[in-house]
Amino acid sequence: QVQLVESGGGLVQAGGSLRLSCAASDSININAMGWYRQAPGKQRELVATITSGGSTNYGDSVKGRFTISRDNAKNTMYLQMNVLKPEDTAVYYCNINRWGYIYWGQGTQVTVSS
């Protein structure tokens, strides 16, 4: 089964930027992927998704600030996060849809200070 490893999280001040990476253990060419996040005491929510063809979809709270992308040659998906806000603080998870089964990474913490 595919393994996903997120990286790039950390502590940043409000208004700053971070770039998250999600590295897969094998090819991602034909699979849709996505980023989700979960803040303490809240349900996991959609951040962004990207299809195998590169079509993207964003959660309302991040539109215009975050950009999802993928590099199939590197088996890696990215999330560029700009103009970060304290409410963006959460554990960020990536996933991959492989023939109807969703695999998740272990998550990376993003903390935005005010």
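Above this text sits the structure in question.
Thresholds applied
What you see as residue numbers is a count from 1 along each chain, following the sequence as written. Since the coordinates come from a predicted model, pLDDT governs what is reported: local features require at least 70, and pairs of side-chain atoms require 80 or more to be given and counted, while whole-chain, interface and lining totals use all residues. Computation of side-chain values covers all heavy atoms of the structure but excludes hydrogens and water. Where helices and strands are cited, they refer to DSSP runs of H or I of at least four residues and of E of at least two residues respectively, numbered from the N terminus. Buried residues are those whose accessible area, probed at 1.4 Å on protein chains only, stays under 20% of the maximum for their type, while exposed residues exceed 50% and partly exposed ones sit between those limits. Counting rule for disulfides: a pair of cysteine sulfur atoms within 2.5 Å. Any two strands with at least two DSSP-identified bridges between them are counted as paired. To obtain each axis, a line is fitted to C-alpha atoms, and for helices this fit is confined to the stretch in contact; angles are then taken between N-to-C directions over 0 to 180 degrees.

Novice: How do you make sense of the overall build of the protein when you look at a structure like this?
Specialist: Counting secondary structure elements, the protein contains zero helices and 11 strands. Secondary structure elements of the protein, listed N to C terminal, follow the sequence β-β-β-β-β-β-β-β-β-β-β. If one aligns the C-alpha atoms of the protein with their principal axes, the spans along those axes are about 40 × 25 × 20 Å. Residues counted as buried form 42% of the 114 residues belonging to the protein.

Novice: Can you walk me through the state of the cysteines in this structure?
Specialist: Chemically, a disulfide is nothing more than a covalent bond linking the sulfur atoms of two cysteines. Taken as a whole and assessed by the stated rule, the structure comprises one disulfide. One disulfide in the model links Cys22 with Cys94; its S-S distance is 2.1 Å. One quick way to see it: the torsion about the S-S bond of Cys22 and Cys94 is about 65°, and its sign makes the bridge right-handed. Here Cys22 is found in strand 3 (residues 18-24), whereas its partner Cys94 is found in strand 9 (residues 90-98), with 72 residues between them in sequence. Exposure class is identical for Cys22 and Cys94. Each is buried.

Novice: How should the sheet that holds strand 7 (residues 66-71) be read in this particular structure?
Specialist: By definition, the strands of a sheet pair up through backbone hydrogen bonds, in either a parallel or an antiparallel sense. With respect to topology, four strands assemble into an open sheet ordered 1-3-8-7, the strand pairing being antiparallel. The sheet is open, and its two borders are formed by strand 1 (4-7) and strand 7, each paired with just one other strand. The mean inter-strand angle of the sheet, taken between neighbouring strand axes irrespective of direction, is 15°. Pairing between strand 1 and strand 3: four bridges, direction antiparallel. In the sheet register, Glu6 faces strand 3, and the bridge partner there is Cys22.

Novice: What am I meant to see in unusual backbone geometry here?
Specialist: Trans peptide bonds make up most of the peptide bonds, and negative phi angles are found at most residues other than glycine. The phi torsion at Asn75 lies on the positive side, around 55°, for a residue other than glycine. Relative to the assigned elements, Asn75 resides in the loop between strand 7 and strand 8 (76-81). Overall, Asn75 belongs to the buried group, its relative accessible area being 19%.

No statement about biological role is implied by the geometric values presented.
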